[in-house]
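Observations on the three-dimensional arrangement
These are the residues of each chain, in order.
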Amino acid sequence: VPPCKIFVHHEIAHTRIASDLISVGYSKDYASYISSVAEALEINWLRKYDGVITLCREDKELLITKGVTVPALVARPFALFDDELTKDYDAVNDPQLVFVGGESHFPNKEGLSWFLEEVYPLISKERIDTVIKITGHWTEAFSNTYAAQKNIQFTGFIDDINTVLKNGILLVPIRIGSGIRIKVITAFAKGVPVVSTSLGISGIPGITNNINAIIADTPEAFAAATIQLLENPQLRQKISDQSFELARKEFGQALFAEERNSFYYELLDTQKPEEM
């Protein structure tokens, strides 16, 4: 059997470049020019592979539109082992807001900035004691902007993220980029309720708004959804139960292996072992 080259595409690079440039103040024309160069390189390299795996349907459709003609599969990014599916979420005690991720990933910085500047003030107006814990590495230049607000806490790297997620509400205010947010799946595997933008939760199968996650795209809607979860332990418990069930159902080991192996056999044009 000849060797088979497969590229697992976690994020579409040229669209990310365009959105990043616009977010930091470059003109749309300049962003379009730079991203077009990146697009040509990206698509050319992808055509050299025998197959491409993307992590969400939107990325696959975009690559096909751009001229990637090799076989493509939308697949789960990883499998959750049984010991990773451990639901110990506490929906009773006072919850806290949690943002997971570092500044070096620009969509994190853009999304957190949007949340702290446009959403958090709306939440604080209704609930002045609401704490948000922000994990990962953030520069002093960024964190010092919010130093006067004692309820905005930059924790740095945390050895055991469960210590903040156990009674947390995970915020995913991501507005640029592509691919799939691993942090959301990790939260689901612990039964942690999530409030996310549409983009932040895209690509995850089985998502139903207000059942296993809450989706909001405007500052007002994001704030209202967050306040609703903060004030309603029954809703937190429902979202926790349903998100954990989604993680168990959609990201088990068997599904991951079957999905990938079927694609590999297809590319190799061979039969599965049980079909031989």
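Focus: the overall build of the protein chain
In terms of regular secondary structure, the protein chain is built from 10 helices and nine strands. A principal-axis box enclosing the C-alpha atoms of the protein chain has dimensions of 65 × 50 × 30 Å. Residue burial in the protein chain is summarised as follows: out of 276 residues, 47% are buried. For the protein chain, the proportion of contacts with a sequence separation of at least 24, taken over those separated by at least 6, is 68%.

Details of the nonpolar core
Grouped together as the largest cluster of nonpolar side chains are 55 residues, with contacts concentrated most on Phe115, Leu116, Ile132, Phe188 and Ile204. Counting residues per element, this core draws most heavily on helix H4 (residues 106–126), which supplies seven residues. Setting aside residues up to four positions removed in sequence, Phe115 forms contacts with Leu97, Tyr120, Pro121, Ile123, Ile132, Leu171, Pro173 and Phe222. In this structure, Ile12, Ile43, Leu63 and Val70 belong to the second largest nonpolar core, which totals seven residues.

Some thoughts on the packing of H4 against helix H8 (residues 219–231)
When two helices pack together, their arrangement is captured by the angle between the axes and the distance separating the axes. Interaxial distance between H4 and H8 falls to 9 Å at its minimum, and their mutual angle equals 50°. Comparing their axes, H8 and H4 come out oblique. The element H4 and its partner H8 pack so that their crossing is right-handed. Of the residues in H8, those in contact with Trp114, Phe115, Glu118, Val119, Leu122, Ile123 and Glu126 of H4 are Pro219, Glu220, Phe222, Ala223, Thr226, Ile227 and Leu230.

A look at unusual backbone geometry
The phi dihedral of Asn210 is positive, around 70°, even though this residue is not glycine. As for its placement among the helices and strands, Asn210 is situated in the loop between strand S8 (194–196) and strand S9 (214–215). Accessibility expressed as a relative area gives 36% for Asn210, which makes it partly exposed.

Observations concerning the sheet that holds strand S1 (residues 6–9)
Strand order in this open sheet of three strands is S1-S2-S3, and the pairing throughout is parallel. Every other strand in the sheet has two partners, leaving S1 and strand S3 (72–74) as the edge strands with one partner each. Each neighbouring strand pair of the sheet contributes to a mean axis angle of 20°, computed without reference to strand direction. Note that strand S2 (residues 51–54) and S3 share three bridges and pair parallel. Residue pairing in the sheet places Thr54 in a bridge with Val74 of S3. Lying on the sheet, helix H10 (residues 253–268) is in contact with S1, S2 and S3; it crosses S2 at an angle near 165°.

Reading the values: the criteria
- Note on numbering: residues in each chain are counted from 1, in written sequence order.
- Two thresholds apply to this predicted model, a pLDDT of at least 70 for residue-level local features and 80 or more for giving and counting side-chain atom pairs, whereas whole-chain, interface and lining totals are computed over all residues.
- Side-chain figures throughout are based on the complete set of non-hydrogen atoms in the structure, without hydrogens or water.
- Helix and strand labels come from DSSP, where a helix needs a run of H or I of at least four residues and a strand needs a run of E of at least two; each type is numbered from the N terminus.
- For the exposure calls, accessible area comes from a 1.4 Å probe over protein chains only, and a residue counts as buried if that area is under 20% of its type's maximum, exposed if over 50%, partly exposed in between.
- Here a residue-residue contact requires only that any non-hydrogen atoms of the pair lie within 4.5 Å.
- Joining through side-chain atoms within 4.5 Å is the link that ties buried Ala, Val, Leu, Ile, Met, Phe, Trp, Tyr and Cys residues into a set, and such a set is a nonpolar core.
- Simply put, an axis is a line fit to the C-alpha atoms, just over the touching stretch for a helix, and the angle between two N-to-C directions goes from 0 to 180 degrees.
- Comment on the angle field: the value is read as roughly parallel under 35 degrees, roughly antiparallel over 145, roughly perpendicular from 65 to 115, and oblique elsewhere.
- Handedness of a crossing is defined here by the sense of rotation of the near helix relative to the far one, left-handed for an anticlockwise turn of less than a right angle and right-handed for a clockwise turn.
- Two strands make a pair as long as DSSP finds a minimum of two bridges between them.

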